[in-house]
Amino acid sequence: MNKNRKDSRQTARLEKKLAAYAMAGAAAFVAPGIAKADITFVSVNQTVNETGSYDFNLSGSSSDDITITADQLNGYNQVYASTALGAEVLTDPLYGTVTALAFGALIDPTSSTNWGSGGKMASSFSGEPGDWPSNGNSAYLGFYFVGPGGKQAGWADIATTANSTASSFEVLSYAYETNPNIAITAGEGSSVPEPSALSLLVIGGAGLIALRRRRAANA
């Protein structure tokens, strides 16, 4: 009898913990970026072929701050960018092409060594930086533009494809910090939950289902 009560208490505690995991993960889906409310997120989903371009007008000026185009270099898919009005993008030090950043890469507008069309860049990739996927997967472009109060950091989520003759990309979304001179990380404030949140949702939901099935089978 005591054993049954002990098992019931343990099961109840486990169910409560799994429910908490699921709720925490679900909250990240419903309210992404809630921990940092000063980020503006924009969903785009626009495809650009090699002959076209995509323009970012971020500062509100009559001119575009950043224009990106798709191309290939030495067999590798690339994203090229031109900037105006003081804007900058993180670029590959060898070729000057836009660096493909991993989720969570730091984009710091106050850094004096990571920016510029002269070929300086910063990336959290452990391997060769700057290479973009060629299979439709996405990576992040890091940028800043000059707003009313100073440099505002941001990112763009870009999916790239390539074949033997041409390349293209899809601008999935972008986001930027509304306050000047504040760092942002690639993917921060997006509508897609971070991997940790997704794991909580999967673990909690799957655990609850398994636990309740076991209860039903033993009833």
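As the structure is a computational prediction, the values presented were derived from the model and not from experiment.

Visitor: Tell me about the overall build of the protein, and please be specific about residues and values.
Guide: Scanning the protein from terminus to terminus reveals 2 helices and 10 strands. The order of α-helices and β-strands along the protein, N terminus first, is α-β-β-β-β-β-β-β-β-β-β-α. When each of the 219 residues of the protein is scored for burial, the buried share is 37%. Considering only residue pairs separated by 6 or more positions, the protein has 63% of its internal contacts joining residues 24 or more positions apart.

Visitor: Residue-level account of the packing of aromatic side chains, with values.
Guide: Per the counting criterion, the structure on display carries 7 aromatic pairs. On the numbers, 6.3 Å between centres and 45° between planes, the contact of F41 with W155 is tilted. Of this pair, F41 sits in strand β1 (residues 39–49) while W155 sits in strand β8 (residues 150–162); the two residues are 114 residues apart in sequence, bridging distant segments of the chain. Among the aromatic residues, those joined into a ring-pair cluster are F41, F103, Y140 and W155.

Visitor: Go over the nonpolar core, please, and point to the residues and values.
Guide: Ranked by size, the top nonpolar core spans 24 residues in total, and within it Y54, F56, I68 and L141 carry the most contacts. Of all the secondary structure elements, the ones that give two or more residues to this core are β1, β2 (54–56), β3 (66–73), β7 (135–147), β8 and β9 (167–177). If near-sequence neighbours (up to four positions away) are discounted, I68 is found in contact with S53, Y54, F56, V79, Y80, A81, L141, I158, F169 and V171. Core analysis: the next-biggest nonpolar cluster, separate from the first, contains 11 residues, L101, A105, A175 and I184 among them.

Visitor: With reference to specific residues and values, describe the confidence of the model for the protein.
Guide: Scored by pLDDT, the protein comes out at a mean of 73, with 56% of its residues at no less than 70. Of all secondary-structure elements in the protein, the lowest mean pLDDT belongs to helix α1 (residues 2–30), at 53, while β2 reaches the highest, 96. A low-confidence stretch, residues 116–129 stays under pLDDT 50, and its non-local contacts, those more than four residues away or across chains, total 33 contacts.

Quick notes on the rules
Residues numbered from 1 in each chain as written. Predicted model: local features only at pLDDT ≥ 70, side-chain atom pairs only at ≥ 80, totals over all residues. Heavy atoms only, no water. Helix = DSSP H or I, 4+ residues; strand = E, 2+ residues; numbered from the N terminus. Buried < 20%, exposed > 50% of the residue type's maximum accessible area, 1.4 Å probe, protein only. Contact = heavy atoms within 4.5 Å. Phe/Tyr/Trp six-rings, centres within 6.5 Å; stacked < 30°, edge-to-face > 60°. Core = buried A, V, L, I, M, F, W, Y, C linked by side-chain atoms within 4.5 Å. pLDDT = per-residue confidence, 0-100.

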